[in-house]
Amino acid sequence: MDAVNLVAAIKSKDTGAIVQILTNRSSTQRQLIARLYRTTAAQDLLSDLQGALSGDLKSVIVGLMRTPSRFDATELRRALKGIGTDEDTLIEILCTRDNKQLHEIITAYKQEFNRDLEQDIADDTSKDFQRLLLALAKGTRENNTDWIDYRLIDHDAKTLYEAKANSKTPNPDPWIQILTERSTDHLDRVFQKYIDYSSEEIEKTIQTDFSGDLGNALLSLVSAIQNTPLYLAGDLQEAMKRFLPVSRRGRGPRPSSESWCPAARRTCSASGSSTARNTESLCTQRCREKRRGTT
């Protein structure tokens, strides 16, 4: 039924009907609809949608029709190709995807573009920022378990502190290793223990001692480790400022480099996942708090 309704909606360019159908289906259901559409209309659904839509709506709907891994692969390729590099997109994707998602993205990147993602990252970035991104792209983070290793928690917190306390220039090596290899539950406890050594939250240390792309990436990584939906909600809210009157625009967590932030497209492309639903809920909450002046 959805495929038949989309044939009519695309023919009449009924954007409301297109949005109603595709935004209320999961990614898996949309892939099934695309296959049925080809049988029903003898046409490719993605191509027909691109012809029927335009602007930001086209960007979102086209994103919805790709699988999450294919969409992320496409965004990463866009961020890496051509003149200049979109560091914000690299940071957002690589800092917020789990091991399985990262492995799927690498496979999709190879299939879509016949290129090696890690090699492209190495060619377009440099120094410690490059090393951090490549460590994340490997997708080797330890899984969360019920076992709590308090000795390792203390060791990691102390190691992070000493990496910046024993010299004027902080050593990024242990930061990259610990933040990209340890499980997220373990790191949550490390961040709390870190305060005992440093007398400040880990975000404050990053803001003070690291700069540039590496500093931005470490700060984003810590935020995503603690609460990925909340981190994405901040990016999504920043993207939506474009559409709000000036009087309703609050101060977001960090400025966006694009008028239509990649976070908005990527959150929408994950529609139906728990992360997308949690992000939507948190973003709504943040907007309400800002209107009340509580943040």
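Residues numbered from 1 in each chain as written. Predicted model: local features only at pLDDT ≥ 70, side-chain atom pairs only at ≥ 80, totals over all residues. Heavy atoms only, no water.

Chemist: Mind laying out the overall build of the chain, listing which residues take part and the relevant values?
Modeler: When helices and strands are counted, the chain shows 18 helices and zero strands. Taken across its 295 residues, the chain has 43% of its residues classed as buried. Contacts in the chain between residues at least 24 apart in sequence constitute 69% of all its contacts with a sequence separation of at least 6. Of the roughly 15,500 Å² that the chain leaves accessible, carbon and sulfur atoms contribute 47%. (Helix = DSSP H or I, 4+ residues; strand = E, 2+ residues; numbered from the N terminus. Buried < 20%, exposed > 50% of the residue type's maximum accessible area, 1.4 Å probe, protein only. Contact = heavy atoms within 4.5 Å. Areas by Shrake-Rupley, 256 points an atom, 1.4 Å probe, with all protein chains shown as cover.)

Chemist: Talk me through the packing of aromatic side chains; I want residue IDs and the actual numbers.
Modeler: Scanning the model with the defined rule gives four aromatic pairs in all. Here the aromatic rings of Tyr-161 and Tyr-197 are separated by 6.4 Å at their centres, their planes lie at 25°, and the arrangement is stacked. In this pair, Tyr-161 sits in helix α11 (residues 150-165) while Tyr-197 sits in helix α13 (residues 184-198), placing the two residues 36 residues apart along the sequence. When its relative accessible area of 26% is taken as the criterion, Tyr-161 is described as partly exposed. Classification of Tyr-197 as partly exposed rests on a relative accessible area of 26%. With centroids separated by 6.1 Å and ring planes inclined at 75°, the aromatic side chains of Trp-175 and Tyr-194 adopt a geometry described as edge-to-face. With Trp-175 in helix α12 (residues 172-181) and Tyr-194 in helix α13, the pair connects residues that are 19 residues apart, well separated along the chain. Judged on exposure class, the residue Trp-175 and its partner Tyr-194 are both buried. An aromatic cluster of at least three residues, connected via ring pairs, comprises Trp-175, Tyr-194 and Phe-210. (Phe/Tyr/Trp six-rings, centres within 6.5 Å; stacked < 30°, edge-to-face > 60°.)

Chemist: Describe the pattern of salt bridges, with residues and values.
Modeler: All chains considered together, the criterion is met by 16 salt bridges. A salt bridge links Arg-25 to Asp-2; its shortest N-O distance comes to 2.7 Å. Of this pair, Arg-25 sits in the loop between α2 (15-22) and α3 (27-41) while Asp-2 sits in helix α1 (residues 2-11), and the two are 23 residues apart along the sequence. A relative accessible area of 24% places Arg-25 in the partly exposed class. By relative accessible area, which is 18% here, Asp-2 ends up buried. Residue Arg-97 is joined to Asp-72 by a salt bridge in which the shortest nitrogen-to-oxygen separation is 2.8 Å. Placement of the pair is Arg-97 in the loop between α7 (87-96) and α8 (99-113) and Asp-72 in helix α6 (residues 68-80), with a sequence separation of 25 residues. Residue Arg-97 is classed as buried on the basis of its relative accessible area of 15%. Through salt bridges that share partners, Glu-75, Arg-78 and Asp-86 make up one connected network. (Salt bridge = Lys/Arg side-chain N within 4 Å of Asp/Glu carboxyl O.)

Chemist: An account of the packing of helix α9 (residues 117-124) against helix α10 (residues 127-137) is needed here, citing residue identities and associated values.
Modeler: Following both chains from N to C, one finds α9 and α10 inclined at 170°, their axes separated by 9 Å at the closest point. With respect to each other, α9 and α10 are oriented roughly antiparallel. Where α9 approaches α10, its residues Glu-118, Ile-121 and Ala-122 are matched on the opposing element by Gln-130, Leu-133, Leu-134 and Ala-137. Residue composition of the contact of α9 with α10, grouped by class: five nonpolar, one polar and one charged. (Axes fitted to C-alpha atoms, helices over the stretch in contact; angles between N-to-C directions. Parallel < 35°, antiparallel > 145°, perpendicular 65-115°, else oblique. Nonpolar A, V, L, I, M, F, W, Y, C, P; charged D, E, K, R; others polar.)

Chemist: Tell me what's going on with the environment of Asp-88, and back it up with residues and numbers.
Modeler: With respect to the helices and strands, the residue Asp-88 is situated in helix α7. Exposure remark for Asp-88: the relative accessible area of 25% places this residue in the partly exposed category. Remark: the alpha-carbon pair of Asp-88 and Ala-217, spanning 129 residues in sequence, is separated by 8.4 Å.

Chemist: Residue-level account of the nonpolar core, with values.
Modeler: By size, the foremost hydrophobic cluster in this structure holds 46 residues, and its most contacted members are Ile-121, Leu-132, Trp-175 and Leu-179. Ile-121 has contacts with Leu-80, Leu-94, Gln-130, Leu-133, Leu-134 and Ala-137, leaving out every residue within four places of it along the chain. Among the nonpolar cores identified, the runner-up in size contains 17 residues, and Tyr-37, Leu-45, Leu-53 and Met-65 belong to it. (Core = buried A, V, L, I, M, F, W, Y, C linked by side-chain atoms within 4.5 Å.)

Chemist: Explain the packing of α12 against helix α15 (residues 212-226) residue by residue, including any values.
Modeler: What describes two packed helices is the angle between their axes and the distance between those same axes. At a minimum axis separation of 11 Å, α12 and α15 run at an interaxial angle of 30°. Viewed along their axes, α12 and α15 adopt a mutual orientation that is roughly parallel. Of the two possible hands of crossing, α12 and α15 adopt the one that is left-handed. When α12 is examined against α15, the residues Pro-172, Leu-179 and Thr-180 are found in contact with a partner set consisting of Leu-214, Leu-218, Leu-221, Val-222 and Ile-225. Across the contact of α12 with α15, the residue classes tally to seven nonpolar, one polar and no charged. (Left-handed = near helix turned anticlockwise from the far one by under 90°.)

Chemist: Can you explain unusual backbone geometry? Please cite residues and give values.
Modeler: Here Lys-13, not a glycine, exhibits a phi torsion of approximately 55°, which is positive. A positive phi is found at Ser-199, a non-glycine position, where the angle reads about 60°. By secondary structure assignment, the location of Ser-199 is in the loop between α13 and α14 (202-209).

All we've got here are geometric facts, nothing functional implied.
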